Every structure is written in C-alpha cells, then in structure tokens.
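# Chain and residue survey
Residues per chain are reported as follows:
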Amino acid sequence: MILRHLSALEFRNYASLQQEFSPALNILIGANAQGKSNILEAVYLLATSKSMRGNLDVELIRWDAPAAVVSGYVLREKANDIELEVALSRGAKKSLVVNTVRVPRVMEFVGQLKAVSFSVSDLEVVRGEPSRRRRFLDLEISQLSPSYCHALAYYRKVVEQRNRLLKLMRDRSMRATVEETLSAWTEQLVHYGSRLAERRRHFLDQLREFSRPIHSLLTDQRERLSVDYQPSFKVSENLEEIQTAFRTALGEVREEELRRQVTLVGPHRDDVLFLVNGRDVRTFGSQGQQRTVALSVKLAEVELMRDLTGESPVCLLDDVFSELDARRRAHIFDVTLDSCQTFLSTTDLELLPREIQGRAEVFEVREGVLTPVGADGRVRGRAAHVD
C-alpha cells in the first residue's frame, strides 16, 4: 500500500501542497513547528478520517481559512488503486470522498488506506487514561473492520440517547412513560456494544501474539509482555454469551445508573492492561519500560495489519528517534524499511545511519513549505508549496 501523491489545501500551516512521495522511505527534516508532523497527520487523516493527535476537525483548518481539503492517490496490491479526499469546514459536516464520489458513511472511507503512526504520544496509550487506550482500539480496529466502524458510530449515539433517558428517569412521575423507551435503547446498547466487545477481544488476542516476541527481542529476552482486555463485563468468544453477560451486568447496575443518570457498563468503560513479567507497567513500570511496551505494540500492529490484509500499512514515524537508542531504531527499520512505505520526521538527520539516509527521499520542511533535497543537501526541483 503506497500513498503516491498527497495534496493539501489550507491544512494546518500549509496554504497549498502538491507532492509525490517515494514508495519506500521519505524523510522530513526541519526545525520544530515547521510542519513536519502536519504531513504525517494529513496521511493519517486519509486513513482514519481522524487527526492522529486527537484534535477537533476545525483545528486542522489553517487559522485564517474557512475550510481545508486533504486528498491522496493510493496504490494498492490487493484492491484497485483509489483516490481519497477529506474536506473540512468550519461551518459544515466533514465530507469524505472516494474516487470523486462522496460517501455517506465513515465505514465506507476508513481503512481504504491503512496507516500506523509512531509518536512520542504513544507513551500515553500505555501510561495515560483508559480513554486513550479505547481511542487506540477504535482507530486501529476501524481500519481493519468496516463493520466495527459502523457499530462504533451507532453505539456512541445509543449511549448518548440512553443517558438522556436515564436523566429523565430521575423524575419518578415520568418513569412509567420513559421505561419502555429506555428498554428499547438498552437492547440497542447490547446489540452494538456486544459486537464491539467481541471484536476488541479478538484484536487484542492477536495483538498479544504479535507483540510478545517483539518485546522479548527488544529486551534481550528479559521481559514477557502481555496485552490483556479489561472489559466492564464478562466477554467470552461467543457473541450470544457476550450479549447475555452484557444484559446481566446492566441489570446489576440498574439502580446505580438511575441514581447517577449515566450508562455504567459497556465498551465505553473498557480498558487495556499492559503487563510486563506479570506486573502492570502503567503503575509499576519505569518510563523506559513503558516506552518499550509502546514501541512493541506499534511494531506488532504493523505486523498484524500485514498478516490480516496481505498488504503492509503506511508507517508514520513522527520524531520518535530522539527518544530511542540505536538498537530500537534499528528494529523499527527492520520491520518497516523493506516492506512499508514510511514517512519519518526528524529535527536531526544525523540520528539516522548514512545507509538509511542514502535509501531515502529527503524533504526539507520550513514554514509550511516542503522542498525536495538531494543527498548533497542541495535543493532539487521546486518547493511543494503554492500561495
């Protein structure tokens, strides 16, 4: 899977960008706050329809512009080549376009291009709040499963509506009227939520198997990593059993939900536990251990996507090398360099071995201008920027 061409209009600090990229390694070199990460974010937007930094859509639009557009042409091995576009507006809903046709549902867009991002913020997936880990699950599984993306969108709507009804239930005079409606929404909660839980469990079982040998290699066989699903109710391998367990758990917390006026059980309460040698690395691990876990999980994600789809994702390495030692940098290249199109941002080209530099297309990024640079450091061609 290769992003051959990227266009951006009024996106972040890019007034206009038109650039073709290498199918192998692309290095973006420049000082901080020049726009390196914005290129990677544009690619991730085309893969997931979301910012890889968790920003609101409106924050992706250039500060003085009413709208922004990001588009790309993707070469694929297992499917026809495809053109993707995301249009953002300050005053309208986001528009998703596939081959010049606007698609009404996110599930028809997400995953057409698959991407895995590596950044210093990955550490928060390991040590941060549960919401960070749920977002990680949602973004990665959605790229692999349109049905998951569909269920997730409906589940969020159901939780929102059910919480509104629970607030109405505090008025005892309205309980009889609201009860039947609440029961119907509870069934929808179980319907969509059980499918999310089933898919999350399956994904994490697979991720565990891929991440364990990688983590063992990175730690010279000293550490054993386990990635464990922590749902808010019992999740087995059978969908009907999951649905039954979900209903039972909701029944057990019914009075507490009425008191607190919020849905207390479901995938929106899930968590993921990262264990190193049986100990929770979030609580007991050093920052170095946490960073190695985050790297192991991301590298495993690349391998898992390749295994499930038969095609390598695009890899986005956002200024991560300054935080890693030489051995871990080398392992990233072992996984990505010969099999994935890779975009790597850095402030210091000397962090990369000469051999790696020699195999890359290098671009200098300065104030929202992307300029191809030759091996001798001289500018070649025209800057990829138009006012």
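In this report, we go over the structure that sits alongside the text.

This next bit is on the overall build of the protein chain. Check the secondary structure of the protein chain and you find 11 helices and 15 strands. Here the protein chain has a C-alpha radius of gyration of 22 Å; the compact-globule value for 387 residues is 21 Å, and the two agree. Each principal axis of the C-alpha atoms in the protein chain carries an extent, and together these give about 75 × 55 × 35 Å. The buried share of the protein chain, taken over its 387 residues, is 54%. Only carbon and sulfur atoms are counted for the fraction: they give 48% of the accessible area of the protein chain, which is about 17,800 Å². Averaging the positions of the 55 positive and the 55 negative side-chain charges in the protein chain gives two centres separated by 3 Å.

Here the focus is the pattern of salt bridges. As enumerated under the stated definition, the model contains 32 salt bridges in all. Taking the shortest distance from any N to any O, the salt bridge between Asp205 and Arg208 comes out at 3.2 Å. Residue Asp205 and its partner Arg208 are located together in helix H5 (residues 175-218), separated by three residues, close to a single helical turn. A residue is classified by how much of its surface remains accessible, and Arg208, at 16% relative accessible area, is buried. Via salt bridges that share partners, Arg201, Asp205, Arg208, Asp228 and Glu237 belong to a single interconnected network.

Right, let's get into the pairing of strand E4 (residues 67-75). Bridge analysis of strand E1 (residues 2-11) against E4 gives seven bridges, and the strand direction is antiparallel. Across the sheet, residue Leu3 finds its bridge partner in E4, namely Val74. Inspection of the sheet shows E4 paired to strand E5 (residues 82-89) by eight bridges, in the antiparallel sense. By the bridge assignment for E5, Tyr73 is matched with Glu83. Between E4 and E5, which pair antiparallel one after the other, the connecting turn spans six residues.

We now examine the nonpolar core. Formed by 67 residues in total, the largest nonpolar core has its most connected members in Phe203, Phe233 and Phe274. Among the elements that make up this core, the one with the highest residue count is H5 (10 residues). Each residue touching Phe233, except ones within four places of it in the same chain, is listed here: Ala197, Ile242, Ala245, Phe246, Ala249, Val265 and Gly266. Listed in part, the 41 residues of the second largest apolar core include Leu40, Tyr44, Leu60 and Leu316.

When you line up the elements, Asp280 lands in strand E11 (residues 279-280). Within the buried set, Asp280 has no salt-bridge partner at all; the shortest N-O distance to an opposite charge, 6.2 Å, is to Arg282. A distance of 3.0 Å separates a polar side-chain atom of Asp280 from the backbone nitrogen of Arg282. Those residues in contact with Asp280 that sit more than four places away from it in its chain are Leu273, Phe274, Leu275 and Gly285.

So, on to H5. An α-helix turns once per 3.6 residues; consequently, residues spaced three or four apart project the same way. Its maximal kink placed at Ser211, H5 deviates by approximately 30 degrees, while the proline Pro213 follows within four residues. Positive phi shows up at Asp220, right after H5, with a value of about 55 degrees.

Below, the discussion takes up the sheet that holds E4. Judged by pairing direction, the sheet is antiparallel, and its six strands sit side by side in the order E2-E1-E4-E5-E6-E7 without closing on themselves. Of all the strands in the sheet, just strand E2 (14-20) and strand E7 (101-102) have a single pairing partner and so form its edges. Across two bridges, strand E6 (residues 95-98) lies against E7 in antiparallel orientation. Along E7, the bridge assignment pairs Val98 with Val101. Each of E1, E2, E4 and E5 touches helix H1 (residues 36-48); the most contacted strand, E1, lies at about 110 degrees to it.

With that settled, consider the sheet that holds strand E12 (residues 314-318). With mixed pairing, the six strands of this open sheet are ordered in space as E8-E12-E13-E3-E14-E15. Each edge of the sheet is formed by a strand with only one pairing partner; in this case those strands are strand E8 (115-119) and strand E15 (369-373). Along the sheet, successive strands turn relative to each other by an average axial angle of 20 degrees, direction set aside.

The rules behind each value
Residues numbered from 1 in each chain as written. Predicted model: local features only at pLDDT ≥ 70, side-chain atom pairs only at ≥ 80, totals over all residues. Heavy atoms only, no water. Helix = DSSP H or I, 4+ residues; strand = E, 2+ residues; numbered from the N terminus. Rg over C-alpha atoms; globule rule 2.2 N^0.38 Å. Buried < 20%, exposed > 50% of the residue type's maximum accessible area, 1.4 Å probe, protein only. Areas by Shrake-Rupley, 256 points an atom, 1.4 Å probe, with all protein chains shown as cover. Lys, Arg positive; Asp, Glu negative; His and termini not counted. Charge placed at Lys NZ, Arg CZ, Asp CG, Glu CD. Salt bridge = Lys/Arg side-chain N within 4 Å of Asp/Glu carboxyl O. Pairing = 2+ DSSP bridges. Core = buried A, V, L, I, M, F, W, Y, C linked by side-chain atoms within 4.5 Å. Contact = heavy atoms within 4.5 Å. Polar contact = N/O pair within 3.5 Å; in protein donor to acceptor, adjacent residues only side chain to side chain. Bend = angle between axes of the 7 residues up to and from the residue. Axes fitted to C-alpha atoms, helices over the stretch in contact; angles between N-to-C directions.

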